[in-house]
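# Secondary and tertiary structure notes
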Amino acid sequence: MTEHEPKAHAIAQAARRIYGNGPIPLHRPVFAGNERRYLVECIDSNFVSSVGARVTEFERRTAEYVGAKFAIATANGTAALHVALMLAGAERDTEVVTQAVTFIATCNALSYIGARPAFVDVDLDTMGMSPDALAQWLGSTVERSPEGLRNRRTGRRIAACVPMHTFGHPCRIEEIAEVCAKWGLPLVEDAAESLGSRVGDRHTGTFGCMAALSYNGNKVITTGGGGMIVTDDPALAARAKHVTTTAKVPHPYEFVHDEVGYNYRLPNLNAALGCAQMECLDEMLRIKASVAARYEKAFEGSTVCFFVPRAETRSNHWLNAVIAGDLAERDRILKETNAQGVMTRPIWRLMPSLRMFGGAETDGLANSKWLEERVVNIPSSVPDGAMERKEP
Ligand SMILES: Cc1ncc(COP(=O)(O)O)c(C=O)c1O
């Protein structure tokens, strides 16, 4: 250790009290339910690929859980976002308004379509898209045209708005939905990180026309790899199912495809894992909330600033975070905690700082830049042994 960093010490100590000695990962999956049983049943049934009862069951359970009418399982969250954006109307050379504070997948998905991102700022107290910044940007940039909203500066059509619930903490999605409704802008939520997170009683991912969820290995629950599109719109649901299953027209033996589709269907094996994980989701969320509460208490009265989601929301506490005083302190915390075997990591680089999105429209991104220099994620898994094993 080159320089003593008291906050790094406090963070490592708090993490050790929760997770014990030995290397502590940032977030690891927990399989304490029927995962093995469902996987073996799946193998024994021979339905391991993209046709099978577990896929439909996983979709039904997810729709029921989030309170959406339809859920369409996909190979991963990026695929879900890709298709959702296409169906929302994003096309080559349109623009999609999103946040610069996000994982690359948000921007990759819109780029697959040939659309371009435009970045508006986030709120400091949610780390997600700011409805005020969105309203301001739309008001100063956009004009209505016969084809829809148009960016006056670039001439491109604005196709959709994609806010993201950073680290599982809900952004002001209810206000963002109002702004989008006022402008007639399709709202697609990137809810990849926020399964289980609600605003009041309403689940994230149910405020727009569609949302994408992810079940990547680092998420609250995992299917190994997987995603989901959720929507209340039967026509969008039918299109999503069609496009994600190679656009095959149902027929007992003929191969007829009526458009270029995608092989994005979630395999039954992954869905089997998903069904078992769904049975444990509420207990995992309860434990994750108690981990966040333990950190909050540990840092009470100290100089460590622990990020607390806004009161009217129920976060899934996917990834906990602390806010360093400045960039130099952030880097010392990262260096020293990782050296001690306590895995921490900075928030993502802002999207426009990446080569591919360097020329994108932004509104200045003052809060995003502030967070980029300060946010450190700290270990957030469900601790070993915390779950009651449900397996027979
Ligand atoms: C904000 C965000 N969007 C999209 C994704 C994409 O999900 P996946 O990894 O399942 O493709 C992720 C997670 O990985 C994410 O964190």
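Residues numbered from 1 in each chain as written. Predicted model: local features only at pLDDT ≥ 70, side-chain atom pairs only at ≥ 80, totals over all residues. Heavy atoms only, no water.

## Considering the sheet that holds strand E16 (residues 361-362)
Keep this limit in mind: A pair of strands counts as paired when DSSP detects no fewer than two bridges linking them. Helix and strand assignments follow DSSP, with helices taken as H or I runs no shorter than four residues and strands as E runs no shorter than two, numbered in order from the N terminus. When checking whether two residues touch, look at their non-hydrogen atoms; a contact exists if any pair is within 4.5 Å. Lines fitted to C-alpha atoms define the axes, with helix axes restricted to the stretch in contact, and inter-axis angles between N-to-C directions lie between 0 and 180 degrees.
The strand order across the open sheet formed by four strands is E6-E2-E3-E16, and the pairing between neighbours is parallel. Whereas interior strands pair on both sides, the edge strands pair on one side only; in this sheet they are strand E6 (158-162) and E16. Here helix H5 (residues 104-112) sits on the sheet and contacts strand E2 (95-99), strand E3 (116-120) and E6; the angle it forms with E3, its principal contact strand, is near 145°.

## As for the site of the ligand
Where we set the bar: Whether a residue is near a molecule or strand is decided by its heavy atoms; if any one of them lies within 4 Å of it, the residue is near. Side-chain atoms alone can form a polar contact between residues adjacent in sequence; in general such a contact is a pair of N or O atoms within 3.5 Å, and within protein one must be able to donate a hydrogen while the other accepts it. Surface accessibility follows the Shrake-Rupley procedure with a 1.4 Å probe radius. Residue values consider only the protein chains on display as shielding. Lys, Arg, Asp and Glu make up the charged group, whereas Ala, Val, Leu, Ile, Met, Phe, Trp, Tyr, Cys and Pro make up the nonpolar group; the residues left over, Gly among them, are polar.
Lining the immediate surroundings of the ligand are 15 residues, of which Gly77, Thr78, Glu193, Ser214 and Lys219 lie closest. With respect to the ligand, the backbone of Gly77 contributes an N or O atom lying 2.7 Å from an oxygen atom. Contact distances for the ligand include 2.7 Å between an oxygen atom and a side-chain N or O atom of Ser214. For the ligand, whose unbound accessible area comes to 380 Å², protein coverage reaches 92%. At the level of elements, helix H4 (77-88) and H5 are the ones that each hand at least two residues to the shell around the ligand. Residue classes in the shell around the ligand are distributed as four nonpolar, eight polar and three charged.

## A short note on the packing of aromatic side chains
Cut-off, in case you're wondering: Each Phe, Tyr or Trp ring (for Trp, its six-membered ring) is paired with any other whose centre lies within 6.5 Å, and the angle between the two planes then decides the class: stacked below 30 degrees, edge-to-face above 60, tilted in between. Whether a residue is buried, partly exposed or exposed follows from its accessible area with a 1.4 Å probe, protein chains only, as a fraction of its type maximum: under 20%, in between, or over 50%, in that order.
Overall, the coordinates contain six aromatic pairs when judged by the stated rule. Between Tyr295 and Phe299 the ring centres are 5.9 Å apart and the planes differ by 10°, which places this aromatic pair in the stacked class. Of this pair, Tyr295 and Phe299 both sit in helix H9 (residues 268-299), four residues apart, which is roughly one turn of that helix. Each member of the pair, Tyr295 as well as Phe299, carries the same accessibility label: buried.

## Looking at the environment of His317
Take His317: it is sitting in the loop between strand E13 (313-314) and strand E14 (320-323). His317 gets classed as buried once you look at its relative accessible area, which sits at 13%. A sequence separation of 52 residues divides His317 from Lys369, and the C-alpha atoms of the two residues are 23 Å apart. Discounting residues that sit within four places of it in the chain, His317 has contacts with Phe167, His169, Lys288, Ala289, Ala292 and Pro309.

## Here's the deal with helix H1 (residues 6-19)
Note the threshold: Under the convention used throughout, the expected extent of a helix is 1.5 Å for every residue step, that is, one less than its residue count. Here the arc refers to the set of directions running from the helix axis out to each C-beta atom.
For H1, with 14 residues, the first-to-last C-alpha span of 20 Å sits near the 20 Å given by 1.5 Å per residue. All of the buried residues along H1 are Lys7, Ala8, Ile11, Ala12, Ala14, Ala15, Ile18 and Tyr19. Projected down its long axis, H1 shows its buried positions confined to an angular sector of 160°, all on one face. Check the buried side of H1 and you find it contacts H9, E14, helix H10 (327-339) and strand E17 (375-378). Two to three positions downstream of the cap, the backbone nitrogen of Lys7 sits 3.1 Å from a side-chain oxygen, assigning the N-cap of H1 to Glu5. With its phi angle positive at about 80°, Gly20 sits one or two positions after the end of H1.

## Points about empty space enclosed by the protein
Convention followed: Whether a set of points on the 1 Å grid over the protein atoms alone is a cavity depends on a 1.4 Å probe fitting there but being unable to get out, while an open set qualifies as a pocket with protein on both sides within 12 Å along at least five of seven lines; lining residues are those with an atom within 4 Å of a point. Grid points are joined across faces, edges and corners, and a volume is the space filled by probe spheres set on the points.
With the rule as written, the count across this model stands at one cavity of 30 Å³ or more. Reported here for the largest cavity is a volume of approximately 40 Å³. Along its surface, the largest cavity is lined by Ala192, Glu193, Leu195, Ser214, Lys219, Val220, Ile221, Asn316 and Trp318. For the lining of the largest cavity, the residue count by class is five nonpolar, two polar and two charged.

## A look at the pattern of salt bridges
Counted only if it meets this: Here a salt bridge means any side-chain nitrogen of Lys or Arg lying within 4 Å of a carboxyl oxygen belonging to Asp or Glu.
Under the defined criterion, the tally for this structure stands at 26 salt bridges. For Arg116, the salt bridge is made with Asp93, and the minimal N-O distance between the two is 3.1 Å. With a gap of 23 residues between them, Arg116 in strand E3 and Asp93 in the loop between H4 and E2 connect regions that are remote in the sequence. Owing to a relative accessible area of 36%, Arg116 belongs among the partly exposed residues under this scheme. What makes Asp93 partly exposed here is its relative accessible area of 39%. Residues joined in a network through salt bridges with shared partners are Arg37, Glu41, Arg54, Glu57, Arg61 and Glu279.

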